[in-house]
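# Close look at the chain arrangement
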Amino acid sequence: MKKFALLASMALLTACQSAAPPTASLESLDGEVFYLQRIALPPTATLTVSLQDISLADAPAVVIDEQRGPVKGQVPLPFKLSYDPAQVKPGHRYAVSARIEVDGQLMFITTEQNAVQLDGKDPQPLKIRVNAAR
């Protein structure tokens, strides 16, 4: 009888371990980064685009998702950011920012706030303008 109870317990434990946890339903923000200057980016340029919670004025923004990597081609530069709608907090403010660096030196950066609502109704693709760093 003890063997049967032990086998039943092991079978139940194995079944619980093999059950896949429910996956969160992620939403995404698709967009493109652009600038107005008529110059080409060098092959060593990197693009960083981030989705941030900017609710607290006296604290650093909380990064929700970030895409970082080498620039492929020229502007407009596509990006895709993901977020869990269940983690979006009522009354909080969210924004997307971008920067382009070349060999570790800042070349372009967003200078205006690009607010998003994260309610599934944000216009897509988002158009994020970056300006030359001075």
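Just so it is clear, the structure is predicted and the values come from calculations on it, not from any experiment.

Spatially, three strands are ordered 4-1-8 in an open sheet, and the strand pairing comes out mixed. Two strands bound the open sheet, and with one partner strand each, they are strand 4 (77-83) and strand 8 (126-129). Going across the sheet, the axis of each strand differs from the next one's by a mean of 35°, ignoring polarity. Here seven bridges tie strand 1 (residues 27-34) to strand 4, and the two strands are oriented antiparallel to one another. Note on strand 4: the bridge partner recorded for glutamate 27 is tyrosine 83.

Further remarks concern the environment of alanine 115. Relative to the elements of secondary structure, alanine 115 occurs in strand 7 (residues 114-116). Overall, alanine 115 belongs to the exposed group, its relative accessible area being 51%. As a C-alpha pair, alanine 115 and isoleucine 54 span 61 residues in sequence and 9.4 Å in three-dimensional space. Not counting the four nearest positions on each side in its chain, alanine 115 is found in contact with Tyr94 and Ala95.

Calculation criteria
Residues numbered from 1 in each chain as written. Predicted model: local features only at pLDDT ≥ 70, side-chain atom pairs only at ≥ 80, totals over all residues. Heavy atoms only, no water. Pairing = 2+ DSSP bridges. Helix = DSSP H or I, 4+ residues; strand = E, 2+ residues; numbered from the N terminus. Axes fitted to C-alpha atoms, helices over the stretch in contact; angles between N-to-C directions. Buried < 20%, exposed > 50% of the residue type's maximum accessible area, 1.4 Å probe, protein only. Contact = heavy atoms within 4.5 Å.

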